[in-house]
Amino acid sequence: FGSKTASWTRRYLPLLRKMRKFILALVLIVALACPIEAANKRKNPKDWNKFNVNKVLRDLEKEEEEQQKKENPPPKFDPKNPDAYLQAQKRGQMKMMFIHLHTTPEKPEYTKEELQTLSKKWTTMLMNTKVEAKFYDLGKDQLLVQVDDGAKDKRILNFVLSQPEVKYVDYDSKKHVPKKKKAKKADL
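Overview of the structure. (Residues numbered from 1 in each chain as written. Predicted model: local features only at pLDDT ≥ 70, side-chain atom pairs only at ≥ 80, totals over all residues. Heavy atoms only, no water.)

### Here's the deal with the sheet that holds strand β5 (residues 174-176)
No. 1: Spatial strand order, β2-β3-β1-β4-β5: 5 strands in an open sheet with antiparallel pairing. Two strands in the sheet have a free side with no partner beyond their single neighbour: β2 (133-139) and β5. Taking each pair of neighbouring strands and ignoring which way they run, the sheet shows an average axis angle of 25 degrees.
No. 2: Two elements, strand β4 (residues 166-171) and β5, share 3 bridges in a ladder whose sense is antiparallel. Counted as the bridge partner of Val169 is His176 from β5. (Pairing = 2+ DSSP bridges. Helix = DSSP H or I, 4+ residues; strand = E, 2+ residues; numbered from the N terminus. Axes fitted to C-alpha atoms, helices over the stretch in contact; angles between N-to-C directions.)

This is the structure:
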C-alpha cells in the first residue's frame, strides 16, 4: 500500500504544485481587476430601478442591426443574372403562398384528413430535396405554405404548381396557374 502512495505522490505532486500556482495567479488577477472602492461602496436600493430604458433599447437595436449586417451583407447586382439578385434579396425572409386545390361538383371540398395527408406528403417530398416548408390547412380547398427562407420560394412555387391537385397559387399578389401538360398523340 505504501508503494502505491509513493508512486502517486511522485506522479501528481508536480501537477498539484503547478495548479496551486495557477489558482494563486488567477486570484491575484481577479483581485486587481476589481476596484477596492467599488467593493466598499454600497448602492442605494432606490438607485437600482433608475436606468434609462430608451438607451438600453437603442443599444439593443444597434446591436441587432450590426448583427444583421454581418449575417446578411447586401447582395451585389449582376446585370447578366437579375434573378440571382432578387433571390439574394429574399434570403432569410419569411414568405407565404396560398394554394387553391381542384374541386369538382361531386367533391366540392376536401376533408381535413385529406388536406393533412396532402400536406404531409408535400412536406416530405420537399424535405427530400433539402427544402423546408410548412403547410397549414385553411379548410375546404386551401392550403397555406410558409417558407422560412425566401430565397427558396421559386423552387417551392414550381414544385407546388407541378402537383396535379393544384388549381392555382396566390403568391406575391399574383395568381400563378400550373402549365398545362401536352397530351401525347397516340400512334395509330
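Next comes the rest of the write-up.
### Brief notes about the pattern of salt bridges
No. 1: Scanning the model with the defined rule gives 3 salt bridges in all.
No. 2: Of the charged contacts in the structure, one is a salt bridge between Glu114 and Lys107, with a shortest N-O distance of 2.7 Å.
No. 3: You can call Glu114 partly exposed: its relative accessible area is 31%.
No. 4: Ionic pairing is found between Lys121 and Glu165, a salt bridge with its closest N-O pair at 3.8 Å. Remark: Glu165 occurs in the loop between α6 (153-161) and β4 and Lys121 occurs in helix α5 (residues 112-128); sequence separation between them is 44 residues. (Salt bridge = Lys/Arg side-chain N within 4 Å of Asp/Glu carboxyl O. Buried < 20%, exposed > 50% of the residue type's maximum accessible area, 1.4 Å probe, protein only.)

### A few points about the layout of surface pockets
No. 1: Taken as a whole, the largest pocket holds about 300 Å³ of empty space.
No. 2: What lines the largest pocket is a set of 13 residues, among which Leu161, Gln163, Pro178, Lys179 and Lys180 lie closest to the centre.
No. 3: Elements that contribute at least two residues to the lining of the largest pocket include exactly α6 and β4.
No. 4: Of the residues contributing to the lining of the largest pocket, the split by class is 5 nonpolar, 4 polar and 4 charged. (1 Å grid on protein atoms, 1.4 Å probe; cavity = no way out; pocket = protein on both sides within 12 Å on 5 of 7 lines; lining within 4 Å. Points joined across faces, edges and corners; volume = space filled by probe spheres on them. Nonpolar A, V, L, I, M, F, W, Y, C, P; charged D, E, K, R; others polar.)

### Quick look at the pairing of β2
No. 1: Here β2 runs beside strand β3 (residues 142-147); their pairing, made up of 6 bridges, is antiparallel. Within β3, the residue paired with Tyr136 across the bridge is Leu144.
No. 2: Taking the residues that link successive antiparallel strands as the turn, the β2-β3 hairpin has 2 residues, and the phi of Lys140 there is positive, at about 50 degrees.

### A word on the nonpolar core
No. 1: By size, the foremost hydrophobic cluster in this structure holds 22 residues, and its most contacted members are Ile99, Leu101, Trp122, Ile156 and Val169.
No. 2: Only β1 (95-101), α5, β2, β3, α6 and β4 provide two or more residues apiece to this core.
No. 3: If you tally residues by element for this core, the top one is α6, at 5 residues. (Core = buried A, V, L, I, M, F, W, Y, C linked by side-chain atoms within 4.5 Å.)

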